[in-house]
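Working through the structure, step by step
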Amino acid sequence: MQPNGNSIFIADDVHDIIEVPEEIKCIIDTQEFQRLRELKQLGTTYYVFPGASHNRFEHSLGVYYLARQLMLHFRSHQAELSVSDEEIFCVSVAGLLHDIGHGPFSHVFDNDFVPFITNQPFRHESMSVKLIHHLFKANNIKIDDASLQLICALVSPSTHPHIVQQYKVMKKYYLFQIIANEDNGIDVDKFDYFLRDSHNLSLNIAFKHTRLLTHCRVIDDRICFHEKTSYDVQLLYSTRYDLFKRVYSHKTSHAVALMICDILRWSNKRFQITAKLEKAEDYLELTDGILHRIQYAKIGNNEPSDVELEKAKKLIVRLHKRDLYKCIGYVLLDASVVAQHFLRILEHDASDDVDQKCAVSPKTPRAQRRTKIDYKLIQKKWAADFYDCLRRETDDFKEFGFKLERDEVMCQVMSLSYGMEQTHPIENVYFYNSKTPNIASPAALHQITQIYDQQRFKEVIFRMYVKDKRYVEQCQRTFKIFCDAKKLVSHDQNNESISLGLSPKTMRGICK
């Protein structure tokens, strides 16, 4: 993909000047891509950090730019890779279009609203693949089938295993480590959103992506880094954790997310939101602007959906007045504690919901049926348990004067990690040195820094929310009782509550 006289130049506040050749410009100038201007990059975070006003449009341009730069680096420094113009084009376009399938408010839509309504998981990567096919066809942009399949596989490797395998045979697997690196999480998508998010939120980060971009090589069909960048790699992982800790997991942002999920849920019948998931051309209607459409939708036709729509409109008013759902309790848990509770749920919960999710024989003992913690399942269980606890503590809600509905209290159980649930991702990073530039091997974290523990690579946030602030005080008292009953906290000599943690090594072999 060589620049030509028809290239345009885009001024970007992160990467300065981005050159866009004609074959990329025609993709940018489509309604499918332009829709990204109407999707905030950080979704509900904008309600907490006003600086988070940037959109997925500029982030996607940044990922395109970095993907292209990395491919040009490989071409100029490793002629033996035989990097072709078509490969540069495909990787660049995959970077440009990797987020095209996001819905309104991004992860609220993906992880909460759609699964709640459809009882099915929703992956924005799969929707991106659908929209990529639609984009090229609807806009009459010529592309051969092999290139189109490669672009889609680069965006969503897990749903295109045959394409990934094909490129492994061709010794081109490293292409799949550029946009969505499922091996160790080091990819240009993170490079850009680290830089862009911290820039817009005025947060200083130490990580420098240019050091990794300029000191990397493809060895044995994987992207490897010079050993002198080993601490920069650790900085990447700690920067990810830091941004999630300080920004992406903010308690108020999550309160807004819960409210928006309810707004979308109560508006679904009128606006047929989930029905628009079927066709790509219908999905294009869904942007963050849906809240504005809901707010000013007319009511009065005596339609069955009017009652729910009225609830949604009132909740938008609450959102604008900052009358938000209230966080009534927060505990930071050791992942091992959560793992123990998850095993107990598998062992004692006889509901069909658990059995259906376990893709093994029903004769297999529950505790052995899966190894990855299902945080949504824990949320559902703990929310129900907290509600029962609250009912007991208020004498069947007599203190409130009426029965509190089950959906008035909500639970959040969220993992914070370096990007992988079952291991520290640095275990999957390979390094080389100047003396042997074609030989790479992994490095132990304790040889990079001894401040961080390779065995302790995640923690879990547990929060409870209540929709009506009138009940905050009683819910806060119940939260302490609930945590004590679940043995989520212990007490020091001053009777101060502290999170109860076990050694991660105790549980690591049992449940990840």
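Anything mentioned here points back to the structure above.
Remember, it's a predicted structure, so these values are computed and weren't measured experimentally.

1. A short note on the pattern of salt bridges
- This model, assessed by the stated rule, comprises 27 salt bridges.
- As a salt-bridge pair, Arg 196 and Asp 13 come within 3.4 Å of each other at their nearest N and O atoms. Remark: Asp 13 occurs in the loop between β1 (8–12) and β2 (16–20) and Arg 196 occurs in helix α9 (residues 188–200); sequence separation between them is 183 residues.
- The exposure class of Arg 196 is buried, given its relative accessible area of 1%.
- Across the pair Arg 75 and Asp 85 runs a salt bridge whose closest N-O atoms are separated by 2.6 Å. Taken together, the residues Arg 75 in helix α3 (residues 56–77) and Asp 85 in helix α4 (residues 85–97) connect sequence positions 10 residues apart.
- Residue class for Asp 85 comes out partly exposed when judged on its relative accessible area of 38%.
- Among the ionic contacts, a cluster of salt bridges with common partners joins Asp 12, Asp 13, Asp 192 and Arg 196.

2. Let's talk about α4
- Taking 1.5 Å per residue as the helical rise, α4 with its 13 residues ought to reach 18 Å, and the 18 Å between its terminal C-alpha atoms agrees with that figure.
- Counted residue by residue, α4 has 11 buried out of 13 residues, so it is predominantly covered.
- Its buried side turned inward, α4 meets α1 (22–28), α2 (31–34), α3, α6 (124–138) and α7 (145–155).

3. A word on the packing of aromatic side chains
- Taken as a whole and assessed by the stated rule, the structure comprises 19 aromatic pairs.
- Ring geometry for Tyr 193 against Phe 194: centres 5.1 Å apart, planes inclined by 90°, an arrangement best described as edge-to-face.
- Classification of Tyr 193 as buried rests on a relative accessible area of 13%.
- Ring centres 5.3 Å apart and planes at 40° place the aromatic pair Tyr 387 and Phe 397 in the tilted group. Highlighted residues: Tyr 387 in helix α18 (residues 375–393) and Phe 397 in the loop between α18 and β6 (409–417), separated in sequence by 10 residues. Just as Tyr 387 is buried, Phe 397 falls in that class too.

What counts, and where the lines are drawn
Residues numbered from 1 in each chain as written. Predicted model: local features only at pLDDT ≥ 70, side-chain atom pairs only at ≥ 80, totals over all residues. Heavy atoms only, no water. Salt bridge = Lys/Arg side-chain N within 4 Å of Asp/Glu carboxyl O. Helix = DSSP H or I, 4+ residues; strand = E, 2+ residues; numbered from the N terminus. Buried < 20%, exposed > 50% of the residue type's maximum accessible area, 1.4 Å probe, protein only. Expected span 1.5 Å × (residues − 1). Contact = heavy atoms within 4.5 Å. Phe/Tyr/Trp six-rings, centres within 6.5 Å; stacked < 30°, edge-to-face > 60°.

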